[in-house]
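Structural overview
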Amino acid sequence: MDAALAAGADAVGLVFYSPSPRAVTSDLARSLVQRIPPFVTRVGLFVNETPLRINAILDEVELDLLQFHGDETDAYCRQFGRPFIKAARVRPELDLVEFARSFPAARALLLDAYVEGYGGGGKTFDWTLIPPGLPLPLILSGGLQPENVADAVRGLRPWAVDVSSGVESAKGIKDAARIAAFVAAVKDADA
Ligand SMILES: O=C(O)c1ccccc1NCC(=O)[C@H](O)[C@H](O)COP(=O)(O)O
C-alpha cells in the first residue's frame, strides 16, 4: 500500500475474496485504508460474494469503488448504491460489446485474461479481441508488468491499467521496486 501510494498510483485495491493469497480481513483493510490520502480511489474487490458480507464490509471499511470479478449481474452490482466496475474474463467466445451493454450502471469495464479461478492470474490475453467502440471506459489488466505496460498504454490507450501479479516477487508478495517501475512506465507512456 505504501509503495503504491509513494509511486503515485491513482487507485489501490483490497481483495475481499478469501481463496486469494492476497485476501485481507476487514480489520486489516480498515487500518490500510486509513493510510490512503484524499483523491486516491479505495477499491474493494469481490467475487460472487454475499450481499450480507459486502454490506458488513462497507459498514466497516471506507471504500470508494467496488470491483466485481465474478459472475455478478448489473442489478446485483448496483444494489450497494456505490460506484462499481465490472471485470470481464476475456476469451474469443465472449462478445465484449454485449457484455458491456449488460452493465449499464458500471463506471468502467475491466478486461482481464480468462484463467482458472477468477483473477490475479498474471496472464495476458490477445488484445486484438478488444473491439472498437466499447460502450464503457476500458480498464486493461491481465499479465501487465513494468516490462509490457508501456506498449499496452501506447497501443490501446485504456482509461486505466490494473496490475497484481506483475508487481510481485512471489504470489501474493508485492515488490516495491516493481510497483515503482510499473507506475513510472505508465506515466512515461502516457506523457
Ligand atoms: O488478486 C487476486 O487474487 C484476485 C482473485 C480473484 C479475482 C481477482 C483477483 N485479482 C484481480 C486483479 O488483481 C486484477 O484485477 C487482474 O486480475 C489482473 O491480475 P494480474 O494478471 O495478476 O495482474
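All values derive from a computational prediction rather than experimental measurement.

1. As for the overall build of the chain
Scanning the chain from terminus to terminus reveals seven helices and nine strands. On C-alpha atoms alone, the chain measures out to a radius of gyration of 16 Å, which is about the 16 Å that the 2.2 N^0.38 rule sets for 191 residues. If one aligns the C-alpha atoms of the chain with their principal axes, the spans along those axes are about 40 × 40 × 30 Å. Out of the 191 residues belonging to the chain, those deemed buried represent 31%. Counted over contacts in the chain with a minimum sequence separation of 6, partners at least 24 positions apart contribute 54%.

2. Looking at the site of the ligand
Close to the ligand lie 23 residues; Ser20, Gly119, Gly120, Ser164 and Ser165 are nearest. Its residues assigned to classes, the shell around the ligand shows eight nonpolar, twelve polar and three charged.

3. Re helix α6 (residues 149-156)
Considered for burial, the residues of α6 that qualify are Val149, Ala152 and Val153. One face of α6 carries all of its buried residues, which in axial projection span an arc of 95°. Turned more than 90 degrees away from the buried face of α6, the exposed residues are Arg154 and Gly155. In this structure, the buried side of α6 is in contact with β6 (138-140), β7 (160-161) and α7 (176-190). Taken from the residues just after α6, Arg157 is the one with a positive phi, measuring 45°.

4. Digging into the nonpolar core
Counting 43 residues, the largest nonpolar core has Ala106, Leu109, Val149, Val161 and Phe182 as its most contacted members. The greatest single-element share of this core, amounting to five residues, is contributed by α7. Each residue touching Val161, except ones within four places of it in the same chain, is listed here: Ile139, Leu140, Ser141, Leu144, Val149, Ala152, Val153 and Val186.

5. Some details on unusual backbone geometry
Here the phi dihedral of Asn48 falls at roughly 45°; this positive angle occurs in a residue that is not glycine. Structurally, the position occupied by Asn48 is in the loop between β2 (41-46) and α3 (51-60). With a phi close to 45°, Arg157 is a non-glycine residue in the positive phi region. Positionally, Arg157 belongs in the loop between α6 and β7. The exposed category is assigned to Arg157, around which 11 C-beta atoms lie within 10 Å.

Conventions adopted
- Residues numbered from 1 in each chain as written.
- Predicted model: local features only at pLDDT ≥ 70, side-chain atom pairs only at ≥ 80, totals over all residues.
- Helix = DSSP H or I, 4+ residues; strand = E, 2+ residues; numbered from the N terminus.
- Rg over C-alpha atoms; globule rule 2.2 N^0.38 Å.
- Buried ≥ 20, exposed ≤ 12 C-beta atoms within 10 Å, placed from the backbone.
- Contact = placed C-beta atoms within 7 Å.
- Near = placed C-beta within 6 Å.
- Nonpolar A, V, L, I, M, F, W, Y, C, P; charged D, E, K, R; others polar.
- Arc of directions from axis to C-beta.
- Core = buried A, V, L, I, M, F, W, Y, C linked by C-beta atoms within 7 Å.

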